[in-house]
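Inside the fold
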Amino acid sequence: MDDMSDQHWMLEAVDLLVRVVEAAGILIIFVGAMMAFVRFVVVGLRHRQSRAFVPIRLTLGRFLTLGLEFQLASDIMRTAVAPTLLDIAELAAVAAIRTALNFFLAREIKQERREIAEVGSPGPGDSKRAGPEPAS
């Protein structure tokens, strides 16, 4: 009987920890989205160039990537305690989807950074920065 109560306590503790990590991931994504929205409104009122929104997208992408990592961590924690084959299959599917999302977000962030570095801070009438292009 004592072994059952120990196992029940451990399952309850893991469930609580999973919920905390899930909440952290959700909070990270929410904070990133709100920050991006506020910056979008401020920049949108001051500038009409689409180039001005690239840093906002990069920041939001970083928050999304971090939040997804927390969500994946919570899924791994949930599956770590007495997993069934169905649990493992669900984790594999979720991990694949989230990994793909992270991959595409990271690729987009890298591409946006490269574009920012290539364009630089052009002056009036300039479409590109003068001088050699930065190394990748």
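Residues numbered from 1 in each chain as written. Predicted model: local features only at pLDDT ≥ 70, side-chain atom pairs only at ≥ 80, totals over all residues. Heavy atoms only, no water.

Before going further, it helps to spend a moment on the overall build of the chain. Helix and strand content of the chain: 3 helices and 0 strands. Among the 136 residues that make up the chain, the fraction classed as buried is 23%. Roughly 9,900 Å² of accessible area belongs to the chain as shown, and the carbon and sulfur atoms make up 68% of that amount. (Helix = DSSP H or I, 4+ residues; strand = E, 2+ residues; numbered from the N terminus. Buried < 20%, exposed > 50% of the residue type's maximum accessible area, 1.4 Å probe, protein only. Areas by Shrake-Rupley, 256 points an atom, 1.4 Å probe, with all protein chains shown as cover.)

Close contact between helix H2 (residues 54–80) and helix H3 (residues 85–119) brings their axes to 9 Å; oriented N to C, the two are set at 160°. Accordingly, the angle class assigned to the pair H2 and H3 is roughly antiparallel. Relative to H3, H2 is oriented so that their crossing is left-handed. Residues that form the contact of H2 with H3 fall into these classes: 14 nonpolar, 5 polar and 9 charged. (Axes fitted to C-alpha atoms, helices over the stretch in contact; angles between N-to-C directions. Parallel < 35°, antiparallel > 145°, perpendicular 65-115°, else oblique. Left-handed = near helix turned anticlockwise from the far one by under 90°. Nonpolar A, V, L, I, M, F, W, Y, C, P; charged D, E, K, R; others polar.)

As enumerated under the stated definition, the model contains 2 aromatic pairs in all. On the numbers, 5.3 Å between centres and 40° between planes, the contact of Phe40 with Phe53 is tilted. Residue Phe40 is located in helix H1 (residues 2–46), and its partner Phe53 is located in the loop between H1 and H2; the two are separated by 13 residues in the primary sequence. A relative accessible area of 44% means that Phe40 is categorised as partly exposed. Here Phe103 and Phe104 contribute two aromatic rings whose centre-to-centre distance is 5.1 Å and whose plane-to-plane angle is 75°, an arrangement assigned as edge-to-face. (Phe/Tyr/Trp six-rings, centres within 6.5 Å; stacked < 30°, edge-to-face > 60°.)

The next subject is the pattern of salt bridges. Following the criterion strictly, the structure yields 4 salt bridges and no others. As a salt-bridge pair, Arg78 and Asp75 come within 3.4 Å of each other at their nearest N and O atoms. Highlighted residues: Arg78 and Asp75, both in helix H2, separated by 3 residues, approximately one helical turn. Judged by relative accessible area, Arg78 falls into the partly exposed class, the value being 40%. (Salt bridge = Lys/Arg side-chain N within 4 Å of Asp/Glu carboxyl O.)

Of note, Glu90 is situated in helix H3. Look at Glu90 and you get partly exposed, because its relative accessible area is 43%. The spacing of Glu90 and Asp75 is 15 residues in sequence and 9.3 Å in space, taken between C-alpha atoms.

Looking at the chain, pLDDT values average 81 and 85% of them are 70 or higher. Looking over the chain, one finds the lowest element-wise mean pLDDT in H3, namely 82, and the highest in H1, namely 90. Low pLDDT, under 50, characterises residues 122–136; the stretch is placed with 15 contacts to residues that sit more than four places away or in other chains. (pLDDT = per-residue confidence, 0-100. Contact = heavy atoms within 4.5 Å.)

Turning our eyes to something else, we now look at a nonpolar patch on the surface. On the surface, Leu27, Phe30, Val31, Met34, Met35, Phe37, Val38, Phe40, Val41, Val42 and Leu45 cluster together into a nonpolar patch covering about 1,000 Å² of accessible area. Take Met35: it is sitting in helix H1. (Patch = residues over 30% accessible without salt bridge, like charges linked within 9 Å, V, L, I, M, F, W, Y side chains within 5 Å.)

A rise of 1.5 Å per residue sets the reference length of H3, with its 35 residues, at 51 Å; its end C-alpha atoms lie 51 Å apart and thus fit the reference within 8%. By the burial criterion, the buried members of H3 are Leu91, Ala95, Arg98, Asn102, Leu105, Ile109 and Glu112. On the buried face of H3, the contacting elements are H2. (Expected span 1.5 Å × (residues − 1).)

If you check H2, its first and last C-alpha atoms are 39 Å apart, about what 27 residues at 1.5 Å a residue would give, namely 39 Å. In the stretch just after H2, Ala82 is the one whose phi turns positive, near 45°.

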